[in-house]
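This is what each chain is made of:
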Amino acid sequence: MYNKTMYELGSHRSVIRDLFEFGKKRAAEVGADKVYDFSLGNPNVPAPDGVKEAAEKLFALPDNTVVHGYTSAQGDADVRKAVADSINARFSAGVTPDLIYMTCGAAASLTVTLNALCEKGDEFILLAPFFPEYSVFVKAAGGTPVVVPFDEKTFAPDLTALEKAVTPHTKGIIVNSPNNPSGAVYSRKTLEKIADILSAAGEKFGTHIVLIADEPYRELVYDDIEVPYLMNIYPDTVVCYSWSKSLSMPGERIGYIALSPALNEKEAVYAAVCGAGRALGYVCAPALFQRIAAACVNELPDIEAYRRNRDLIYSSLTEMGYDCVHPDGAFYLFVRSLEPDANAFSDRAKNYGLLIVPGDTFGAPGYVRISYCVSYEMIKRSLPAFRALIDSYKK
Ligand code: PLP
C-alpha cells in the first residue's frame, strides 16, 4: 500500500523538529518567556532591504506573467549569468552559466546532485559532525553513507580515517564548511589535504571522486576567517549553495548547483543534473525568487548581529565552565555534554526551559548543538538557566 522507508521518514520527526514542537507546547503551558528555544537554524536577522526592493520592482512590472511563469528547467538564463558572474568576480573560478542549475534551496541542490551522480553500489563519505539530512538524501538516491569521524581538538575531519574510508566504490564526499553543527571552518591546509587524498585515491582506483561542497553558510564567517573556494582546490567539485541563511530567506526555497569548469565529464554531469531535477519533479526553481536572488547576488548578511550573539553565548558559557567549540562561522555553538549521554543531557536541559539538540543526530555523540540565530535578549535571559543546568551537575 505504501513505501515503508518513506513511512518511517514521514512518521518520525527529526530530533530537531521534535524539540521545536516541544518548545511550542511548553511555551503555551509555562509562558514563552520561560522557554529558550535554541533548536532550529532559522535566521532571526531580517532579510536585507535589497530583497524587498527587488520584489517590489518585480511586482510593479506591467506584465507579471513573466515573473510568475515557468523558467527553463535549469533556471532563467539571465539569472544563471548573474550567478556565474558573481562566483567569478569573487573567486575567479571560470564558471559559465551553462554550469549553473537553479534549485529549491541547498537541500534540493544536494538531492539533485546525489541523484545525478549515484549508481548502484556507490558510497558517499560524510564528515562528522554533519547535517543529519545527508544520510537521508544519500540513501534516497540509492547510495550508502560512510561516516568519517572528526578530530576532537580541531573539529576538522580525521584525515587518517578519511584515507581508510575511500574505496573503489566512493563516488563522492560532502564537505560542509562553515559547518553545521560545529561552527568550524576548515582551513585551506585541511581542504588541500582532503583534495590530495581524493586525487590519490582516484588515481589508484581509476575513478573521479566528486567533492560536493555544501555551502549555505559560506557568507556567515567571523574575524576575517578564510573560506577557500573548493573549485580552486580540487577539480572534481560541485558546489551546492542556497540563499536560505545568507539572505535570511529559508522559506523561499532558492539556491543553485555550480559545476567546476574542471569537473570530469562536466557536460554529461550537467545533463544528469538536469535529468535528476526532472526525475525528482522540480520543474524549475521558484521564478520570482530566482530573480530576487539574482538582484541580490552580491548582498551580504548582517554578520554583526550574529557575531554579537556568538560572543555573548560563547563567552558566557565558557566562563560558567561549559566546554565549547569556538565557532568561526555559521550560527551554531557545539558544546560538550555534561554527561556521556547527550540525549539525557538535552532532556535535563528541558527542565530549565533550554532546548538544545543532542549531537548523536549529527554523528557526534557526547555533544549538543545550540543555534544562536535567535534574539540577543533571549540569549541574555537564558543565561541563568544555563548556570542552573551546570550547577545541577555539581550537586
Ligand atoms: N546543508 C546544511 C549544512 C544545512 O544546515 C541546511 C539547513 O539548515 C541545508 C543544507 C539545507 O538548506 P536549505 O534550507 O537551503 O535547503
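Details of the structure are given in the entry above.
Only a predicted model underlies this, so the values are computations on that prediction, with no experimental measurement involved.

Observations concerning the sheet that holds strand E11 (residues 357–358)
Then, number 1: Spatial ordering of the open sheet is given by E9-E12-E11, a layout of three strands whose pairing is antiparallel. Single-partner strands in this sheet number two, and they are strand E9 (332–336) and E11.
Then, number 2: Where helix H12 (residues 303–320) meets the sheet, its contacts fall on E9 and strand E12 (367–371), and the angle it forms with E9 comes to roughly 10 degrees.

Some points on the site of the ligand
Then, number 1: In the vicinity of the ligand there are 14 residues, among which Asn180, Asp214, Tyr217, Ser244 and Arg253 approach most closely.
Then, number 2: Interatomic distance of 2.7 Å between a side-chain N/O atom of Asn180 and an oxygen atom of the ligand.
Then, number 3: Between the ligand and Ser242, the relevant distance is 2.7 Å, taken from an oxygen atom to a side-chain nitrogen or oxygen of the residue.
Then, number 4: Relative to its free-state accessible area of 400 Å², the ligand is covered by the protein chains to the extent of 91%.

Comments concerning the side chain of Thr190
Then, number 1: Residue position: Thr190 is located in helix H9 (residues 188–205).
Then, number 2: In this view, Thr190 contacts Ala156 and Pro157; residues no more than four positions away in its chain are not counted.

Digging into the packing of H12 against helix H14 (residues 376–392)
Then, number 1: For the pair H12 and H14, interaxial distance at closest approach is 10 Å and the crossing angle is 15 degrees. In terms of orientation, H12 and H14 fall into the roughly parallel class. You can see that H12 and H14 cross each other, and the crossing is right-handed. For the pair H12 and H14, the contacting residues are Arg308, Asn309, Leu312, Ile313, Ser316, Leu317, Glu319 and Met320 in the first and Tyr376, Ile379, Lys380, Leu383, Phe386, Arg387 and Ile390 in the second.
Then, number 2: Among the residues forming the contact of H12 with H14, the class breakdown is nine nonpolar, two polar and four charged.

Overview of the sheet that holds strand E6 (residues 210–214)
Then, number 1: Spatially, the seven strands line up as an open sheet ordered E2-E8-E7-E6-E5-E3-E4, and their pairing is mixed. What marks the edges here is a single partner per strand, and that holds for strand E2 (100–103) and strand E4 (144–148). Averaged over neighbouring strand pairs, the angle between their axes works out to 20 degrees when direction is ignored.
Then, number 2: Relative to strand E8 (residues 255–259), strand E7 (residues 237–242) is paired through five bridges, and the arrangement is antiparallel.

Some thoughts on the state of the cysteines
Then, number 1: Scanning the model with the defined rule gives zero disulfides in all.
Then, number 2: Cys104 takes part in no disulfide bond, and the closest cysteine sulfur, belonging to Cys284, lies 8.0 Å away.
Then, number 3: Considering cysteine sulfurs only, Cys240 is the nearest to Cys118, which forms no disulfide, with 14 Å between them.
Then, number 4: Under the relative-accessibility criterion, Cys118 is labelled buried at 13%.

Things to note about unusual backbone geometry
Then, number 1: Across the junction of Ser177 and Pro178, the peptide omega takes the value 0 degrees, indicating a cis bond.
Then, number 2: Looking at where Pro178 falls in the secondary structure, it is placed in the loop between strand E5 (170–175) and H9.
Then, number 3: Between Asn180 and Pro181 the backbone carries a cis peptide bond, its omega angle lying at 20 degrees.
Then, number 4: Residue placement: Pro181 occurs in the loop between E5 and H9.
Then, number 5: The backbone of Ala330 shows a phi angle near 60 degrees, a positive value even though the residue is not glycine.
Then, number 6: The residue Ala330 is located in the loop between H12 and E9 in this model.
Then, number 7: Classification of Ala330 by relative accessible area gives buried; the value is 0%.

Cut-offs used in this document
- Along each chain, residue indices are assigned from 1 in the same order as the chain's sequence is written.
- It should be noted that, the model being predicted, local features are given only for residues of pLDDT at least 70 and side-chain atom pairs only at 80 or more, the latter also being counted only at that level, while totals for whole chains, interfaces and linings use all residues.
- Derived side-chain values reflect all non-hydrogen atoms in the structure, with water molecules and hydrogen atoms excluded from consideration.
- Should DSSP find at least two bridges between two strands, the strands are regarded as paired.
- Each helix is a run of DSSP H or I of at least 4 residues and each strand a run of E of at least 2, with the numbering of both proceeding from the N terminus.
- A contact between two residues is defined here by any heavy atoms of the two lying within 4.5 Å.
- Working convention: axes come from line fits to C-alpha atoms, limited for helices to the stretch in contact. Angles between N-to-C directions cover 0 to 180 degrees.
- Throughout, the term near means that a residue has one or more heavy atoms lying within 4 Å of the molecule or strand in question.
- Any N or O atom pair separated by 3.5 Å or less is treated as a polar contact, with the protein-specific requirement of one donor-capable and one acceptor-capable atom, and with residues adjacent in sequence counted only for side-chain atom pairs.
- Per-residue and other accessible areas were derived by the Shrake-Rupley procedure at a 1.4 Å probe size, with only the shown protein chains allowed to occlude residues.
- Oblique is the label for any angle not under 35 degrees, not over 145, and not in the 65 to 115 range, which are roughly parallel, roughly antiparallel and roughly perpendicular in turn.
- In this scheme the crossing of two helices becomes right-handed for a clockwise turn of the near helix relative to the far one and left-handed for an anticlockwise turn of less than a right angle.
- Polar here means any residue outside two lists: the nonpolar Ala, Val, Leu, Ile, Met, Phe, Trp, Tyr, Cys and Pro, and the charged Asp, Glu, Lys and Arg; Gly therefore counts as polar.
- The rule for a disulfide is simple: a pair of cysteine sulfur atoms within 2.5 Å.
- For the exposure calls, accessible area comes from a 1.4 Å probe over protein chains only, and a residue counts as buried if that area is under 20% of its type's maximum, exposed if over 50%, partly exposed in between.

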